[in-house]
Amino acid sequence: MGRRPFIAGNWKLNLGPAEARAVASQLRDALGDPSPVTVAVFPTALSVSAVLQALDGAEVGVGVQEIASQPSGALTGANSAVMARSMGCTYCLVGHSERRQLWGETDEACADKVLAALSAGLLPILCVGETLDQRRAGQLEAVLMRQLEVGLSKLQPDQALSVTLAYEPVWAIGTGETATPEQAQEVHALLRGRLVERFGPGAEEVRIQYGGSVKPANASELLACPDIDGALVGGASLKADSFAAIVQAAQG
Ligand code: PEP
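All values derive from a computational prediction rather than experimental measurement.

Q: Just checking my understanding: could you explain the overall build of the protein for this structure?
A: A tally of regular secondary structure across the protein gives 11 helices and eight strands. Against the compact-globule benchmark of 18 Å for 252 residues, the protein has a radius of gyration of 17 Å, which places it among compact chains. Taken along its principal axes, the extent of the C-alpha atoms in the protein is 45 × 45 × 35 Å. Within the protein, the fraction of its 252 residues that count as buried is 54%. By sequence separation, contacts in the protein at least 24 residues apart represent 74% of the contacts at least 6 residues apart. On the protein, roughly 10,800 Å² of surface is accessible, and the fraction owed to carbon and sulfur atoms is 52%. Counting 19 positive and 27 negative side-chain charges, the protein places the centres of these two groups 3 Å from one another.

Q: Can you help me understand the sheet that holds strand β5 (residues 123–128) in this one?
A: By definition, the strands of a sheet pair up through backbone hydrogen bonds, in either a parallel or an antiparallel sense. Taken together, the eight strands give a closed barrel; going around it, the order is β1-β2-β3-β4-β5-β6-β7-β8, and neighbouring strands pair in parallel fashion. Neighbour-to-neighbour, the strand axes of this sheet turn through a mean angle of 25°, independent of strand direction. Inspection of the sheet shows strand β2 (residues 38–42) paired to strand β3 (residues 61–64) by two bridges, in the parallel sense. Paired with valine 41 across the two strands is valine 62, which belongs to β3. The strands touched by helix α11 (residues 240–250) within the sheet are β1 (6–10), β2 and β8 (230–233), with β1 carrying the most contacts at an inclination of about 165°.

Q: Can you walk me through the site of the ligand in this structure?
A: As a matter of local geometry, the ligand sits amid 14 residues, with Lys12, Glu168, Gly174, Ser213 and Gly234 nearest to it. Interatomic distance of 2.6 Å between a backbone N/O atom of glycine 174 and an oxygen atom of the ligand. Separating an oxygen atom of the ligand from a backbone N or O atom of glycine 234 is a distance of 2.8 Å. Out of a free accessible area of 300 Å², the ligand has 95% covered by protein chains. Across the shell around the ligand, the residue classes break down as four nonpolar, eight polar and two charged.

Q: Would you explain α11 in this entry?
A: Given 3.6 residues to a turn, an α-helix orients residues that are three or four positions apart in the same direction. Summarising burial for α11: eight of the 11 residues are buried, a large majority. Within α11, the full set of buried residues consists of Ala240, Ser242, Phe243, Ala244, Ile246, Val247, Ala249 and Ala250. At its buried positions, α11 is contacted by β1, α1 (17–31), β2, α10 (216–223) and β8. Glycine 252 lies just past α11 and shows a positive phi near 80°.

Q: Looking at this structure, I do not really get the pairing of strand β7 (residues 208–211). What am I missing?
A: Each regular strand displays side chains that alternate between the two surfaces of the sheet. Side chains Ile208 and Tyr210 project from β7 onto one buried face, and the interleaved Gln209 and Gly211 project onto a second face that is buried too. By the bridge criterion, three bridges tie strand β6 (residues 164–167) to β7 in an arrangement that is parallel. Looking across to β7, one finds that leucine 165 is bridged to isoleucine 208. Bridge analysis of β7 against β8 gives two bridges, and the strand direction is parallel. Across the sheet, tyrosine 210 pairs through a bridge with alanine 231, a residue of β8. Considered for its hand, the β-α-β crossover made up of β7, α10 and β8 is right-handed.

Analysis parameters
- Residues numbered from 1 in each chain as written.
- Predicted model: local features only at pLDDT ≥ 70, side-chain atom pairs only at ≥ 80, totals over all residues.
- Heavy atoms only, no water.
- Helix = DSSP H or I, 4+ residues; strand = E, 2+ residues; numbered from the N terminus.
- Rg over C-alpha atoms; globule rule 2.2 N^0.38 Å.
- Buried < 20%, exposed > 50% of the residue type's maximum accessible area, 1.4 Å probe, protein only.
- Contact = heavy atoms within 4.5 Å.
- Areas by Shrake-Rupley, 256 points an atom, 1.4 Å probe, with all protein chains shown as cover.
- Lys, Arg positive; Asp, Glu negative; His and termini not counted.
- Charge placed at Lys NZ, Arg CZ, Asp CG, Glu CD.
- Pairing = 2+ DSSP bridges.
- Axes fitted to C-alpha atoms, helices over the stretch in contact; angles between N-to-C directions.
- Near = heavy atom within 4 Å.
- Polar contact = N/O pair within 3.5 Å; in protein donor to acceptor, adjacent residues only side chain to side chain.
- Nonpolar A, V, L, I, M, F, W, Y, C, P; charged D, E, K, R; others polar.
- Right-handed = clockwise from strand over helix to strand, strands pointing away.

The values are spatial; any link to function lies outside them.
Shown next as structure tokens:
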């Protein structure tokens, strides 16, 4: 299938405006010419404006790490998908495991946020993944299928095609421990099978990223797997050279 690889950098709560602007400019220089890879970065909301300026005209999308399910209102501290879009953002993350664990974000809340993103014209990356305990207890498939089914439950088939999925085993995030290419490929094939069952053959086009301690040293073998269409990168995206090396790996 002709799925264009998609490499995304989740900067989490790192890189304030000045640092984020610098890293974005370095990334712009490091990536150079247009490439066959979709690239995006997700700064903290406080740095989005600086990064949008630094990447103006570059082929690097910018996204927010979190959106509310409502466009505006009495929601102290939240980000609006409509406002993010109007600033110039293209993407948003939904359901990152840190949001699920630290803020108690449920699959139902993710479903509302995915719909809110698409309604505002933002392209969501829905993150799914199991904890080590869930994997050890043989619950991997049940957990992932619930996150997938409920997370996308409010969408029509044509809307689902605009979503990117990120499979991020929780035990591999920020731990230095990566799923083996075989483990990741097995899960990606499972997710893709369910997407096609639920949304029809067009869902073959949905990109599924792998996330969890991806770095230049392991990116190529993960990205070579047939159902791994890119990566959601945390730590290694904070430095332009390591992130650019992962983008390079996705070019094959
Ligand atoms: C992430 O935060 O989505 C992530 C995958 O982090 P890391 O690459 O640091 O494991």
